Amino acid sequence: MSVTLLGPAEIRALAERAGVRPTKTLGQNFVLDAGTVRKIVRQADVEPGQRVVEVGPGLGSLTLGLLEAGADVVAVEIDPVLARLLPQTVAEHAGLTPSAAEPVDDAPVTVLRDDEGRERLTVVTSDALAVRRLPGAAPTALVANLPYNVSVPVLLTFLERFESLQRGLVMVQAEVADRLAAPPGSRTYGVPSAKTAWYAAARRTATVGRSVFWPVPNVDSALVRLDRREPPRTTAAREDVFAVVDAAFAQRRKMLRSALAGIAGSAEAAQAALQEAGVDPQARGETVDVEGFARVAERLSASRAPGDLAQWGP
Ligand code: SAM
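Student: Which residues make up the domain arrangement of the chain, and what values do they have?
Tutor: A common way to express how large an interface is: the accessible area buried when the components associate. The domain boundaries assigned to the chain delineate domain 1 (8-228) and domain 2 (238-312). Each of domain 1 and domain 2 has a C-alpha centre, and the two are 34 Å apart. Area buried by domain 1 at its contact with domain 2 is led by Tyr189, Lys195 and Trp198, which between them contribute 49% of it. With its nearest N and O atoms 2.9 Å apart, the salt bridge here joins Lys195 to Asp246. Linking domain 1 with domain 2 are four residue pairs in polar contact (both at pLDDT 80 or more), by the criterion used here. At six residues, helix H7 (residues 191-199) tops the list of elements feeding residues into the side of domain 1 that touches domain 2. Residues belonging to the side of domain 1 that touches domain 2 are distributed by class as follows: seven nonpolar, two polar and three charged.

What follows is the structure, encoded as structure tokens:
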């Protein structure tokens, strides 16, 4: 199958033909550089025949790169205009044939097949955050140039909902990349770092300049590689651990003893739980790793029902 990737001229022509006006609210900045697309695909270690989920295919720049590498793609796009345009673009640039398929949870689905009838691309028109089920085989990788305004929730939601995902390669705002990959003790370590660490090891792998996008964004971007790992061994529910993380960082400057006073019931209860968990009550959240938060949540939730701590809003 021969695939041609999109360059600046194709991106503009496509957008013009379909009357696409990129909107900031949906984080629509399209990649117009084939080199960047191939770099993302390479860093994701995409293998032929691998099922990959892409969130926000937009005009199809990365989708075509994934197809070129032999991946079978399931793409979730919120913008119905772009979701309708994508099958046409992929038909023209990769020689696939589109056909309508059964909707999934009311979301329209289009399937594209190659000459041998093999399904190579499935387009789902939906908000990625609303997708609970994906059509076809379970994807093993998430590869996406994520919409910047929802990049962290989309990433965490997909890692939580789709356990089959073993790795990820996402392009996000450079600052967000730093936060996702930050180790405890660093200036950028915070809620996204600790929650991502629950699911995966994250590593910032490259910086991407602004000029590879149309329209040109006013922030730099970076690539983050994620490799699934076992969550911390704990009897605490995941949502209770996340509630402790949220509480610990809600008032960044506070010592954990007071930051966790609300969720623990009192500063004394927080102090006792922290001590039992082997975490210094005078430390701040930015020094504690996800295993530490899990131990604290385990102590705090010992006498409560699972999910109880998560009811508490900082
Ligand atoms: N992948 C394309 C590329 O690299 O050129 C486009 C990336 S653009 C940064 C983000 C895409 O995500 C846009 O197509 C936008 O419409 C889509 N998007 C925004 N919010 C979304 C959501 N909640 N669910 C699914 N797609 C979304």
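There is more to say, and it comes next.
Student: Explain the site of the ligand to me, and be specific about the residues and the numbers.
Tutor: In the vicinity of the ligand there are 22 residues, among which Val31, Gly56, Glu77, Ala128 and Asn145 approach most closely. The separation between an oxygen atom of the ligand and a polar side-chain atom of Glu77 is 2.6 Å. Separating a nitrogen atom of the ligand from a backbone N or O atom of Ala128 is a distance of 2.9 Å. Protein burial of the ligand: of its 600 Å² of free accessible surface, 98% is covered by the chains.

Student: Kindly report on helix H2 (residues 34-43), identifying the contributing residues and their values.
Tutor: Inspection of H2 places Thr36, Val37, Ile40 and Val41 among the buried residues, and these make up the whole buried set. What you see down the axis of H2 is that its buried residues fit within an arc of 135°, all on one side. Those residues of H2 hidden inside the fold are in contact with strand E1 (30-31), helix H3 (61-68), strand E7 (141-145), strand E8 (167-173), strand E9 (200-208) and strand E11 (221-228). Directly beyond the C-terminal end of H2, a positive phi value near 55° is found at Asp45.

Rules used in this analysis
- Residues numbered from 1 in each chain as written.
- Predicted model: local features only at pLDDT ≥ 70, side-chain atom pairs only at ≥ 80, totals over all residues.
- Heavy atoms only, no water.
- Domains from an automatic or database assignment.
- Buried area = accessible area lost by both parts, 1.4 Å probe.
- Salt bridge = Lys/Arg side-chain N within 4 Å of Asp/Glu carboxyl O.
- Polar contact = N/O pair within 3.5 Å; in protein donor to acceptor, adjacent residues only side chain to side chain.
- Helix = DSSP H or I, 4+ residues; strand = E, 2+ residues; numbered from the N terminus.
- Nonpolar A, V, L, I, M, F, W, Y, C, P; charged D, E, K, R; others polar.
- Near = heavy atom within 4 Å.
- Areas by Shrake-Rupley, 256 points an atom, 1.4 Å probe, with all protein chains shown as cover.
- Buried < 20%, exposed > 50% of the residue type's maximum accessible area, 1.4 Å probe, protein only.
- Arc of directions from axis to C-beta.
- Contact = heavy atoms within 4.5 Å.

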